[in-house]
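The residues making up each chain are set out below.
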Amino acid sequence: MRNVLRFYGVTGLLVATAGCQAAETPAQMQARMDQESAAARQVISASWDKWETFVAAGQADSMTAVFTDNATVMPPNQKAVTGHDNVHALWAGFMGMGKWTLDLRTGTVVANGPVAIERGTYTLTFRPGPSAPPGMLPADTGKYLAHWHQVGGQWKVAEETWNSDLAVPQPAAPARRR
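Report follows, based on the coordinates.

How each quantity is defined
Residues numbered from 1 in each chain as written. Predicted model: local features only at pLDDT ≥ 70, side-chain atom pairs only at ≥ 80, totals over all residues. Heavy atoms only, no water. Helix = DSSP H or I, 4+ residues; strand = E, 2+ residues; numbered from the N terminus. 1 Å grid on protein atoms, 1.4 Å probe; cavity = no way out; pocket = protein on both sides within 12 Å on 5 of 7 lines; lining within 4 Å. Points joined across faces, edges and corners; volume = space filled by probe spheres on them. Nonpolar A, V, L, I, M, F, W, Y, C, P; charged D, E, K, R; others polar. Polar contact = N/O pair within 3.5 Å; in protein donor to acceptor, adjacent residues only side chain to side chain. Contact = heavy atoms within 4.5 Å.

## Here we look at the environment of Q154
Reasoning step 1: With respect to the helices, strands and loops of the structure, Q154 is situated in strand β6 (residues 154–164).
Reasoning step 2: Separated by 110 residues in sequence, Q154 and I44 place their C-alpha atoms 9.7 Å apart.

## Some words on the layout of surface pockets
Reasoning step 1: In this structure, the largest pocket occupies an estimated 970 Å³ of space.
Reasoning step 2: Surrounding the largest pocket, 33 residues form its lining, P76, Y122, L124, D140 and W162 being those nearest its centre.
Reasoning step 3: Going through the elements one at a time, α2 (26–57), α4 (84–95), β3 (98–112), β4 (115–128), β5 (139–151) and β6 are the ones with two or more residues in the lining of the largest pocket.
Reasoning step 4: With four residues, the top contributor of residues to the lining of the largest pocket is β6.
Reasoning step 5: Across the lining of the largest pocket, the residue classes tally to 26 nonpolar, five polar and two charged.
Reasoning step 6: Taken together, the elements giving at least two residues each to the lining of the second largest pocket come down to α2 and β6.
Reasoning step 7: With four residues, α2 is the single largest residue contributor to the lining of the second largest pocket.
Reasoning step 8: Residues belonging to the lining of the second largest pocket are distributed by class as follows: five nonpolar, four polar and two charged.

## Things to note about the side chain of K156
Reasoning step 1: You can see K156 is positioned in strand β6.
Reasoning step 2: Polar contacts involving the side chain of K156 include one to the main-chain carbonyl oxygen of A65, which spans 2.7 Å.
Reasoning step 3: If sequence neighbours within four positions are ignored, K156 has contacts with A65, V66, F67, T68, H147, W148, H149 and V151.

Written as structure tokens, this is what we have:
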């Protein structure tokens, strides 16, 4: 009985002590987030370095592994895709069009615990293959936004979108009738 009372007494003391801890001040929160952001930025940038090699090799399986199981990818001028199989199909479709090279540059990363938001830029070149749709541009530059989550101790992309810095091509003027 004494051990039971001692257990409840110690447990009660721990709960009471935890409840008395001071809340994080705004300055403490900013310092913590700055540290978390710097650490996340290093991991995220290294992850994209690997991803660039997967793109160059056309490895859709490896490309997809960077994303959470229920990730959403929002490519320009297409519907968003959600879930591992759909994200894989998107990347496999792109890789099947030809040879890609990609340079991703992480700009800012803001992390708070297991969540991070990244903003960056990309440079892309493309050599069309036989199944490439007509009119695809051989090069592009643009920006992206990625929402990352820590899953099992690893940073993975939960949501991603990107768009080009290039102007939208204007349609040809209709031929004049004579």
